[in-house]
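Observations on the three-dimensional arrangement
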Amino acid sequence: EQEGEEAADEDDGGGSSGEANVEAEEWDEFFACPLSVRFTQDKIHPFFYRRGPIVNVLPKIRPVLRTPNADSSDQAVVELVPPFNPIHCLRKGEELWSLDNRRLYALQLAAMEQ
């Protein structure tokens, strides 16, 4: 019985620490204009699971003006702060493709209002 328990414990770990580091290095977090991100599907369902219609989420997306440091040459940007987690995207060449199409749609609608 102990061997089975040990095997189950190993499966829960998700692999060796080397494998976990490789996966972590493949994902980058950065800001992008939602209007430049592409959808991965032709159609999206108009409702969020447990949040209702997509349009009901729009008033909850807050625009926040981010000004650069005084010694930076960057321009001020508007960050859209949604009530949901960041969207996940895949990069193919220079293009970003969303894996979270409803969230992207909500962010695009909010961006067009700015």
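These lines cover the structure that appears in this document, whether it is placed above or below. (Residues numbered from 1 in each chain as written. Predicted model: local features only at pLDDT ≥ 70, side-chain atom pairs only at ≥ 80, totals over all residues. Heavy atoms only, no water.)

Comments concerning the overall build of the protein chain
Note the following rule: Strands are runs of DSSP state E lasting at least two residues, helices are runs of H or I lasting at least four, and both sets are numbered from the N terminus onward. Three exposure classes are used, based on accessible area relative to the maximum for each residue type with a 1.4 Å probe and protein chains only: buried under 20%, partly exposed in between, and exposed over 50%. By definition, residues are in contact when any of their heavy atoms lie within 4.5 Å. For the accessible areas, the method is Shrake-Rupley and the probe is 1.4 Å, while residue cover comes only from the protein chains on display.
Of regular secondary structure, the protein chain possesses four helices and seven strands. For the protein chain, the succession of helices and strands along the chain, N to C, is α-α-β-β-β-α-β-β-β-β-α. Residue burial in the protein chain is summarised as follows: out of 114 residues, 20% are buried. Considering only residue pairs separated by 6 or more positions, the protein chain has 53% of its internal contacts joining residues 24 or more positions apart. Accessible surface, the protein chain as shown: approximately 9400 Å² in total, 48% of it carbon and sulfur.

Observations concerning the side chain of Asn-101
Note the cut-off: Any pair of N or O atoms that falls within 3.5 Å is considered a polar contact. Within protein, one atom must be able to donate a hydrogen and the other to accept it, and sequence-neighbouring residues count only if both atoms are side-chain atoms.
Inspection of the secondary structure assignment puts Asn-101 in helix α4 (residues 101–113). The exposure class assigned to Asn-101 is buried, which follows from its relative accessible area of 6%. A distance of 3.1 Å separates polar atoms of two side chains, one belonging to Asn-101 and the other to Thr-40. Among residues more than four places away in sequence, those in contact with Asn-101 are Phe-39, Thr-40, Gln-41 and Ile-44.

A short note on α4
Three or four residues apart is the spacing at which side chains of an α-helix point the same way, because the helix has 3.6 residues per turn. Selection criterion: By definition here, a helix of n residues has an expected span of 1.5 Å times n minus one.
Its 13 residues place the ends of α4 19 Å apart at the C-alpha level, agreeing with the 18 Å of an ideal helix rising 1.5 Å per residue. Residues of α4 that are buried: Asn-101, Leu-104, Ala-106, Leu-107, Gln-108, Leu-109, Ala-110 and Ala-111.

A closer look at the pairing of strand β6 (residues 89–92)
Spelled out, the test is: Should DSSP find at least two bridges between two strands, the strands are regarded as paired.
One ladder, built from four bridges, connects β6 with strand β7 (residues 95–98); its direction is antiparallel. Its bridge partner being in β7, Leu-90 is matched across the sheet by Trp-97. In this antiparallel pair of consecutive strands, β6 and β7, the connection spans two residues, and Gly-93 shows a positive phi of 65°.

A few points about the pairing of β7
Covered by surrounding structure in β7 are Leu-96 and Ser-98 only, the residues Glu-95 and Trp-97 on the alternate face being uncovered. Summarising the sheet, strand β1 (residues 37–38) and β7 pair through two bridges and their orientation is parallel. Across the sheet, the residue bridging to Val-37 is Leu-96, located in β7.

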